[in-house]
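# Observations on the three-dimensional arrangement
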Amino acid sequence: MPAPDPLPPTPGTPPVFVAIGPAGSGKSHVARQLAQRLRAVYLDKDSLAGDLVDAALELAGRRAGGREDDPTYIERLMPAEYAALFATAADNLRLGLPVVLDAPFAAYLASPGFLTASADRASWPTGTPIVVVEVRASAETVRTRLTQRDLPRDRAKLADWSAFWQRLGTQGCAWTGARHIIVDNDAEPDLDAVVGLAGVTRQVPLHAF
């Protein structure tokens, strides 16, 4: 796991919580619960840009909803989605509001500098405390959730389950410049403990709840 940034955040600077995890892990549920407890701005990448991305894919003659294996999406549209997500977070941080980001980030998790570079490009306030919430669940739990929610975008994952789980189910996060928290979401996690990190003034080593 990456070492946490040793520099303290600027006092009074609102935090950003970044919820990551594979499809079916319960990432979005955890992110929404955190936002509710923190009275934070909740930013979901798909809500922010999903319809625009589908429209752009259709205009390009691509299949709307077919993203993971589409080079047009991967090379052109996905970077724009994440840039919009970070820019919208910056707008709210400058208003003094805490932010919770909800997005897969799967293509960027192995890049140590992705998070801090993206925050810098979006001009996040200096010293913004960042907490990465890694939402995890067992293969059995994730497969059950994907089956039960029965979304079209999950059918390819379930059809080739072994490949999906090997590629994304246990993917680690190499980001630096943030505190990392692991949330076990097989049961109901202790989100109040995670929320307590909004007031931390010192970066400390990784903990799991």
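Look a little higher up for the structure.
Residues numbered from 1 in each chain as written. Predicted model: local features only at pLDDT ≥ 70, side-chain atom pairs only at ≥ 80, totals over all residues. Heavy atoms only, no water.

### Quick look at helix H3 (residues 71–93)
The test is simple: Going along the chain from the N terminus, every DSSP run of H or I of four or more residues is numbered as a helix, and every run of E of two or more is numbered as a strand. Expected span, for any helix, means 1.5 Å times one less than how many residues it has. Two axes define the bend at a residue: one fitted to the seven residues ending there, one fitted to the seven starting there, and the bend is the angle between them. Working rule for contacts: check all heavy atoms of both residues, and any pair within 4.5 Å makes them a contact.
Between its terminal C-alpha atoms H3 stretches 32 Å, which fits the 33 Å expected from 23 residues at 1.5 Å a residue. The largest bend along H3 measures about 45° and falls at Leu 77, with the proline Pro 79 one to four residues further on. For H3, the secondary structure elements touched by its buried residues are strand S1 (16–20), strand S2 (41–44), helix H2 (45–59), strand S3 (99–102) and helix H4 (114–121).

### Focus on the pattern of salt bridges
Inclusion rule: The salt bridge criterion pairs a side-chain nitrogen of Lys or Arg with a carboxyl oxygen of Asp or Glu, the two atoms within 4 Å. Each residue gets one of three labels from its accessible area relative to the maximum for its type: buried under 20%, exposed over 50%, partly exposed in between, using a 1.4 Å probe on protein chains only.
Under the criterion given, the structure shown has 5 salt bridges. Between Lys 27 and Asp 102 there is a salt bridge, with the nearest N and O atoms lying 2.7 Å from each other. Within this pair, whereas Lys 27 is found in helix H1 (residues 27–38), its partner Asp 102 is found in strand S3, the two being separated by 75 residues in sequence. In this structure, Arg 136 engages Glu 134 in a salt bridge whose closest nitrogen and oxygen atoms are separated by 3.1 Å. Given a relative accessible area of 37%, Arg 136 falls into the partly exposed group.

### Notes on the pairing of strand S4 (residues 130–136)
We apply this condition: DSSP-based pairing: two strands are paired if at least 2 bridges between them are found.
The buried count for S4 comes to 6 of 7 residues, which makes it a mostly enclosed element. Bridge count for S1 against S4 is 5 bridges, and the pairing is parallel. If you follow Ala 19 over to S4, its bridge partner there is Val 133. Relative to strand S5 (residues 179–184), S4 runs parallel, the two being bridged by 6 bridges. Paired with Val 131 across the two strands is Arg 179, which belongs to S5.

### Some remarks on H1
Here H1 is 12 residues long and its end C-alpha atoms lie 16 Å apart, about the 16 Å a rise of 1.5 Å per residue gives. Taken together, the buried residues of H1 touch S1, S2, S3, S4 and helix H8 (191–195). Following H1 by one or two positions, Arg 39 has its phi on the positive side, about 55°.

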